[in-house]
Amino acid sequence: MQQLFNFFIKNKTFVLFLLLFSCGLTLTIQSNEYHRSKFINSANQISGSVYGAFHSLSQYFHLKKENEILLKENSRLKTLVFSEEKLRSIDTVLEKKYAVQPSLVYKNSFALPNNYLTLNKGQKDSIKEDYGVITSNGIVGIIDAVSSNYSRVLSILNTNSRVNVKLKKTNYFGILSWDGKSPDVVQLKDIQDLVKLAVGDTIVTSGYSSTFPPNIPVGSILSYALNETEDLYIIEVKLFNDMKNLEHVYIIKNTAINELKALNILDE
Amino acid sequence: MNNTVLNTVLRFIGLVLLQVIICSNINFLGYLNPYIYIIFIFLYPISNNRLLFIFLSFLLGLSVDLFLDSGGVHATASVAITYVRPLFLKFSFGAAYEYQAIKFSNTTFSQRLIYFIALIVIHHALLFSLVIFDQNEALLIIKQTFYSSIFTLIICLLLTSLFSKKEL
């Protein structure tokens, strides 16, 4: 025992190095697994307030462009309202399934294989995990960690990201993932080789998961090829969103998410 | 003595903020960022408590990780270069280091250059192998390490010469 202690005291630098090095490695490996990377995340008071302080400075640089985007969005929605005939649903319980919460992007990254965003809304604004995040152009990602004032978004530009999407024309659905290369292009897998595809076809969310409502635009087909076994397509999808410039986003609150979860538990 | 402690703390906070607010958002050519927070490790006093130094560098890396949502990659890479630093101090500054008599402001440019390059390359190689974390992408790791190292080196040299206290 004495010798063991002596050994540690003699090599204390090396022991501490090894300890901290393996700590870092553990954190790194955990961050590569989906839903296990929550220990160290930017949705906390310290980094949130620092990002917030600097964001209040830098947001002025984008004002003009953001205004244009909002105007465009407004006019699109106005057109929808004016041309919509008054259709009231019979059951008012079903009417309001989704609520939308506007939010600001405090931090965005797109150059790494695993990218995350930090938003300025948290538990106080009743944000929960697994809520979807979109812009007026298309989807951004899914909330994966929440603190009282801030939340973190698993971007679709993350190799762990999986989103259920479908072809708008034919309703065939598959899974959207990212290979970590270009921030403009994501991959759609699991579409069968029988399906007719064309470059430029629109991809939208399927609505099969509780995160995103159906028919939110995602992107258009850039190119497609069969996989090695030649039974499924690997489709390169050009995103409608410019993931490099995100400022205002919307968080989609699914008010029925607890009900759905409860049903799923009952099923099992 | 007190002055050194204050200096170290300010440098720590300043470099982390500079890294996460500005340097990680440059994205030169789409993906290149300098990692300047390791200047803290380069310029840490040479006569030091090594245990404290290793712990501080872990904390440094971890705070950068906290902001950038990168797990523990920066913490790991920082601890590694802190541990091997004495080796490269001896290699680049030679006998002067043995007497613990050097100050960074008294060294020649080429000595500092070698010292910086060695530590930056080790740090970046480890960093990018952990960030990319895929053995099939070895070429990408080497490419990223190479270009980012050059970027970091330039910014580090500029920053250190900008803030150096050389008596005229």
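Residues numbered from 1 in each chain as written. Chains lettered and ligands numbered in written order. Predicted model: local features only at pLDDT ≥ 70, side-chain atom pairs only at ≥ 80, totals over all residues.

Undergrad: Just to check I follow, could you spell out the overall build of chain A for this structure?
TA: Per the secondary structure count, chain A includes six helices and 12 strands. Sorting the 268 residues of chain A into buried and exposed places 32% on the buried side. Residue pairs at least 24 apart in sequence account for 59% of intrachain contacts in chain A once pairs closer than 6 positions are excluded. (Helix = DSSP H or I, 4+ residues; strand = E, 2+ residues; numbered from the N terminus. Buried ≥ 20, exposed ≤ 12 C-beta atoms within 10 Å, placed from the backbone. Contact = placed C-beta atoms within 7 Å.)

Undergrad: Could you clarify how one ought to interpret the interface of chain B and chain A in this entry?
TA: Between chain B and chain A, the contact holds 30 residues from the first and 28 residues from the second. Those elements that place two or more of their residues in the side of chain B that touches chain A are α1 (2-22), α3 (50-68), α4 (73-93) and α6 (109-132) of chain B. Element by element, the count of residues in the side of chain B that touches chain A is highest for α3 of chain B, at 10 residues. Its residues placed into classes, the side of chain B that touches chain A shows 19 nonpolar, eight polar and three charged. (Nonpolar A, V, L, I, M, F, W, Y, C, P; charged D, E, K, R; others polar.)

Undergrad: I tried to follow the packing of α1 of chain B against α3 of chain B on my own but got confused; where do I start?
TA: Each packed pair of helices is defined by two parameters, the angle between the axes and the distance between the axes. Residue and element names in this part refer to chain B. With their axes 10 Å apart at the nearest point, α1 and α3 run at an angle of 30 degrees to one another. In terms of their interaxial angle, α1 and α3 are classed as roughly parallel. As α1 runs across α3, the sense of the crossing is right-handed. Here F12, V16, Q19 and V20 of α1 lie close against α3, whose contacting residues are L60, S63, V64, F67 and L68. The residue inventory of the contact of α1 with α3, partitioned by class, reads seven nonpolar, two polar and no charged. (Axes fitted to C-alpha atoms, helices over the stretch in contact; angles between N-to-C directions. Parallel < 35°, antiparallel > 145°, perpendicular 65-115°, else oblique. Left-handed = near helix turned anticlockwise from the far one by under 90°.)

Undergrad: Mind showing me how you'd approach the sheet that holds strand β7 (residues 173-177) of chain A here?
TA: Two pairing modes exist for strands in a sheet, parallel and antiparallel, and in both the strands are linked by backbone hydrogen bonds. Read around the closed barrel, six strands run β6-β7-β8-β11-β10-β9 (chain A), paired in antiparallel fashion. Adjacent strand axes in the sheet meet at a mean angle of 40 degrees when their direction is disregarded. (Pairing = 2+ DSSP bridges.)

Undergrad: What should I look at first to understand the domain arrangement of chain A in this one?
TA: You'll often see interface size given as the accessible area lost when the parts meet. Annotation of chain A at the domain level lists domain 1 (2-31) and domain 2 (42-268). Computed over C-alpha atoms only, the centres of domain 1 of chain A and domain 2 of chain A are separated by 42 Å. (Domains from an automatic or database assignment.)

Undergrad: Looking at this model, I keep getting lost on α6 of chain B. Mind explaining?
TA: Because an α-helix completes one turn every 3.6 residues, residues spaced three or four positions apart along the sequence face the same direction. An ideal rise of 1.5 Å per residue puts 34 Å on 24 residues; α6 of chain B measures up with 33 Å between its terminal C-alpha atoms. Here α6 of chain B has its buried residues at R112, F116, L119, I120, H123, H124, L126, L127, F128, L130, V131 and I132 of chain B. Buried-residue contacts for α6 of chain B involve α2 (12-31) of chain A together with α2 (39-42), α4 and α7 (138-162) of chain B. F133 of chain B, located one to two residues past α6 of chain B, shows a positive phi value of around 55 degrees. (Expected span 1.5 Å × (residues − 1).)

Undergrad: Explain the pairing of strand β1 (residues 98-107) of chain A to me, please; I cannot follow it from the model alone.
TA: For a regular strand, side-chain orientation follows a simple rule: the groups alternate between the two sheet faces. Residue and element names in this part refer to chain A. For β1 and strand β12 (residues 248-254), the ladder comprises seven bridges, and the chain directions are antiparallel. Residue Q101 lies in a different strand from β12, and its bridge partner there is I251. Alignment of β1 against strand β2 (residues 114-119), held across two bridges, turns out to be antiparallel. Of the residues in β2, the one forming a bridge with V105 is L119. In sequence, β1 turns back onto β2 through a hairpin of six residues.

Undergrad: Even after reading the chapter, I still don't get the nonpolar core, so can you show me in this structure?
TA: Within soluble globular proteins, side chains that are nonpolar generally end up buried alongside one another. Residues V140 and V153 of chain A together with Y37 and V79 of chain B are the most contacted members of the largest nonpolar core, which totals 86 residues. Among the elements that make up this core, the one with the highest residue count is α6 of chain B (nine residues). Two domains each put at least three residues into this core: domain 1 (2-31) and domain 2 (42-268) of chain A. (Core = buried A, V, L, I, M, F, W, Y, C linked by C-beta atoms within 7 Å.)

Undergrad: Even after reading the chapter, I still don't get the packing of α4 of chain B against α6 of chain B, so can you show me in this structure?
TA: Residue and element names in this part refer to chain B. Relative to each other, α4 and α6 sit at 155 degrees, their axes nearing to 9 Å. Put simply, α4 runs roughly antiparallel to α6. Here α4 and α6 pass one another in a crossing that is right-handed. For the pair formed by α4 and α6, the contact residues are V73, H74, T76, A77, A80, I81, V84, R85, F88, S92 and F93 on the first element and Q111, I114, Y115, A118, L119, I122, H123, L126, L127, L130 and V131 on the second. Of the residues belonging to the contact of α4 with α6, the class tally is 16 nonpolar, five polar and one charged.

Undergrad: Explanation requested: the sheet that holds strand β3 (residues 132-134) of chain A in the structure shown.
TA: All names here are of chain A. Strands sit in the order β1-β2-β5-β4-β3-β12 around a closed barrel of six strands; the barrel is antiparallel. Ignoring strand direction, the axes of neighbouring strands in this sheet form an average angle of 45 degrees. Pairing analysis gives five bridges linking strand β4 (residues 139-146) to strand β5 (residues 151-158), with the strands arranged antiparallel. Note on β5: the bridge partner recorded for A145 is R152. Packed on one face of the sheet, helix α3 (residues 45-58) meets β1 and β2 and runs near 80 degrees to β1.

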